[in-house]
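# Reading the structure
One-letter residues, chain by chain:
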Amino acid sequence: MKQTKHIIFLLAFVAISISGCKKNKATDPTAEQPVNPGAGDEENITRIQLQFIDSANNTISKTFTLRDTDGQGKNPPVADTIKLEVNKTYFVSQSIYDDTKTPLSVVSDEIRKEANFHRFHYSIKGSLIAQTIITDYDTRSPAQPLGLEFKIKSGNAGGNSIFNINLRHFSNGIEKTANPADGEQDILVDFPVRVNN
Amino acid sequence: MKFCFLFFLFNLILVPGVLFAQPDSCNAVLKGNVLDGETGKPFQYASVFIKEFQKGASTDSNGFFQINNLCQGKVTVVYSALGYKSFTTSYKLNSDIRIDQIILHTDTCQLESVTVYGKKAEEIGSFTRASLTGKELDRTRGLSLGDALKELPGVTTLKTGNSISKPVIHGLHSNRVLVLNAGLRQEGQQWGNEHAPEIDPFVSDKMTVVKGAAGVRYGSDAIAGVVIVEPRNLPLKTGINGEMNLVGMSNNRQGTVSGLLEGKFGKWLPLMWRLQGTMSKAGNVKAPHYYQANTGFEEKNFSYAVGYNRKWFSGEIFYSQFNTTLGIFSGSHIGSVSDLQNAIEKSEPAVKSGFSYEINRPFQHVEHELVRAKFSAYLAKIGSLNLLLGRQFNNRSEFDVLRNSIANESKEIPQLQLKLTTHSADLVLEHKPFKNISGSIGTVYMQQANIWQGRFLIPNFKSQSFGGFIIEKWGLGKTDLEAGLRYDKKFLDIYLNDNGIVKLLPYSFSNFSGTVGAIYKISKALNWRTNAGTTWRPPNVNELFSKGLHHGAAAIEIGDPTLKPEQAFKLVTSLEAKSEKLNLESSLFYSQIQNFIYLKPDLELVQTIRGAFPSFTYTQIDARFYGSDLFASYEMSKSINLIVKGSLVLAENITEKGYLINIPPIRYSPAIVYRPRFIKEAYNSYLRFTLNRTENQWRVPENSDYANPPAAYTLFDAEAGTDLLFGKQKVSIIFQVNNLFDVAYRDYMNRFRYFTDEMGRNFTLRIKVPVSIYNKN
């Protein structure tokens, strides 16, 4: 009798032990994985497109693209050379994409929505671009420049220049400023520039 | 630097110096067996203690004990076990004595609650160990596992901010330190520097660090050592008892509550049980001049255990769940190297903050679930057969700061999720001593599956490993010799997604581990342990396949699919002196690791649209680690005690003839403890002052870090503790002030050293209340 009791307890004990194991968690490593390693990264950017409109005749004149298809891979971004005419003013509109996402992720739309937390800075190494002026603003008061839309004034022909785009992101309670070193860096790329007669 | 060499020399001279000392001529042996008066069966874990020599042993599963190297003369022997009446008798020792059938009876008038029933014999005695238990453990309550173990000589931490800390043994961590949680290898994503062990220290009443290449018993990866966190033993005596712990800290306004309730049903239901839970919440940490934004954490853990104990069989189920949400310091989130350099140049973080409990992005949420079933059968002729079954599920979610502020507000969707499921089974036979040879033989099996979601860090994988080991110990009077051998084989199937096509990449690794060791009892007060071990470690999945940007480190880490396993050799020799006044443990270690895997900085920056990032590739070299640990406690008078602890680690890259990065600098801490003997009401009262000195780490490889290692620093801690009695109710109180002078400092072993100072002054109050609800008389 005593033995039977102990066997019952033993069985009950084993039952408790088995009930401790939860199952049905999705843990099959052979199952399908996210499409592309870069795709899962919400911060990924693969393409920047600059659309230049000649201010004199308002027709679409040129589009220049920078691509980095492998994202954080070892292959560096490849940029078109921005070819401009001498002493002209262009309206430039910038579009930014992540092509690894389906549907296509338009990062520039995201940035426009969050204008209050972003600021582009443009700089030129060389003399081919005489001036850049940001023409779009955020919704603060007073409004601060954003930089998805801007004007470029080309200089005289000759030599090579580098056009640098630097996007700063202000989050975590960091106040948006006009200092190109403040905030976090979201984008930092170079386009080569050439000006022809 | 002078100190470093003095320290090293001290050990160098001391260890051999004692070896050549003449041992006295004490070689009598006392042996016998102990029976349980209740069942009449052999008594396991009973303690046998010789008063004159302050020397003891505990009985094995067959009730046998043996105490060697006794001097001739009269000895008083105390046989005891918790929950049983102790039995004292004396013998005249002329030569070896054998005492048969000492019977221990249950204690019927026991006052204090009993939570622990004896100590399990060490599986490999020649390893140098250090344990945190009793009052020393109470002093660390409310700290994470890593921070608590930092109290032990030779152990430091690798931190990421204030909330993530990993134990470092002799300069090594992560996959080179095995954490044994309730007898199972803790399987989380422990390869990550910012992945802390998912363990609630309140589960345990003893945490042990084994310093040595302990692969033979615990499997591959135990290159530097093993951290053993064993849940408390279940009570053997009928009744219901408990314990309540409360911890409050001023700096980050942390509050921790941990409680446990345990008992044993009566004869009608022969089950023992325990319920345990811990809740913790902390807010932003305050460095002396500013708050660190987003550095709070929240933890909710619980565990339960049920045990069944008969004379021929015992079984125990242990279940635990660990859940933590921890904020990552906002100031550490940077977009590029130039951001990092800006942050380093600023003396204060750009992100300003006040105090808050709120946790925002970036943060981590980690869940760890562990179930263990342990069954032991005592077979009269053979020994005890132990089966350990385990299942662990680790679910890690990392929430990044997003470019999209609206999505950033949401705390729902993680950018990275890793789910790791582990099943394991160990079968170990502790065989009956054959003449004076005792030991164990066992087989182990483990199976794992990992899946990821979100941004890529490591691929999906499945793995299976098999192993078998044998460890034997020869007792030769003054000397015990040990040897062990193990073979492991691991199959690793990687499922790598290459542009939409999942490729299966099979790997297999196998190797032997071995150990030889000796324990030499030089005299009744001196013990010398030496262990030489080899162990290995297959490359981890992140080292093979990692590919991507690590925020906070602003670095791209690239794996190498052709890496070979690491092969390590480690020698640890230590001397323990225990006399009435002096308690000294001094050890030296030397370790050489072939194919040591480390992140080597690539010279070229990786250009991306988001900026240029330095890249690091996992590379193999040969490395050497050596150094020394010291613990000394000296009783100056009845009320004044001096304690000194120190750790020295030197590491070298043999292949490239240089140093290694992230090696802890020299640390030492002298302390003075004062115990007023005249206050009878508040027994166990003490005052303690500690100085913690950490030297500057100048032994770093050139051009491999963004900033120079931080300067040396000195901190002062003050502490007072007492046990109070309210009627029959005992209450233990410890009050601590860390960083008494609010010193602003940075620590080389904190990965956020670039961004912020460490925690400023912190007051901590710890209250422990044992609860006795019902005890059968």
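Anything mentioned here points back to the structure above.
Let me sum up the structure you'll find in this document. The structure displayed is predicted, hence computed values, not measured ones. (Residues numbered from 1 in each chain as written. Chains lettered and ligands numbered in written order. Predicted model: local features only at pLDDT ≥ 70, side-chain atom pairs only at ≥ 80, totals over all residues. Heavy atoms only, no water.)

Scanning chain B for helices and strands turns up seven helices and 41 strands. Out of the 777 residues in chain B, the part that is buried amounts to 59%. Restricting the contact set of chain B to residue pairs at least 6 apart, pairs at least 24 apart contribute 66%. Approximately 31000 Å² of chain B is accessible, and the part contributed by carbon and sulfur atoms is 59%. (Helix = DSSP H or I, 4+ residues; strand = E, 2+ residues; numbered from the N terminus. Buried < 20%, exposed > 50% of the residue type's maximum accessible area, 1.4 Å probe, protein only. Contact = heavy atoms within 4.5 Å. Areas by Shrake-Rupley, 256 points an atom, 1.4 Å probe, with all protein chains shown as cover.)

Whenever strands of a sheet pair, they do so through backbone hydrogen bonds, lying parallel or antiparallel. Residue and element names in this part refer to chain B. With respect to topology, four strands assemble into an open sheet ordered 3-2-5-6, the strand pairing being antiparallel. Strands at the two margins of the open sheet, each flanked by one partner only, are strand 3 (55–58) and strand 6 (87–93). Ignoring which end each strand starts from, the neighbouring axes of this sheet average 20° apart. Pairing geometry for strand 5 (residues 73–80) and strand 6, over seven bridges, is antiparallel. By the bridge assignment, Val78 is partnered in strand 6 with Thr88. (Pairing = 2+ DSSP bridges. Axes fitted to C-alpha atoms, helices over the stretch in contact; angles between N-to-C directions.)

In this section: the environment of Lys570 of chain B. Residue and element names in this part refer to chain B. On the secondary structure map, Lys570 appears in strand 32 (residues 566–578). Lys570 sits 54 residues away from Arg624 along the chain, and the two C-alpha atoms are 9.7 Å apart. A distance of 2.9 Å separates a polar side-chain atom of Lys570 from the backbone oxygen of Ala224. (Polar contact = N/O pair within 3.5 Å; in protein donor to acceptor, adjacent residues only side chain to side chain.)

Moving on: the sheet that holds strand 7 (residues 118–125) of chain A. Residue and element names in this part refer to chain A. Spatial ordering of the open sheet is given by 4-11-10-7, a layout of four strands whose pairing is mixed. Each having just a single partner strand, strand 4 (82–85) and strand 7 make up the two edges of the open sheet. Between one strand axis and the next, the sheet turns by 30° as a mean value, whatever way the strands run. The pairing of strand 7 with strand 10 (residues 161–169) spans eight bridges and is classified as antiparallel. Across the sheet, Ile124 pairs through a bridge with Phe163, a residue of strand 10.

Taken together, the contacts link 72 residues of chain B with 59 residues of chain A. Between chain B and chain A the total buried area reaches about 5500 Å² when both faces are included, carbon and sulfur atoms providing 57% of it. Of all residues in chain B, the largest losses of buried area upon contact with chain A belong to Arg403, Ile609 and Arg610 of chain B, amounting jointly to 19% of the total for that side. Linking chain B with chain A are one salt bridge. Of the charged contacts in the structure, one is a salt bridge between Asp339 of chain B and Arg168 of chain A, with a shortest N-O distance of 2.6 Å. (Buried area = accessible area lost by both parts, 1.4 Å probe. Salt bridge = Lys/Arg side-chain N within 4 Å of Asp/Glu carboxyl O.)

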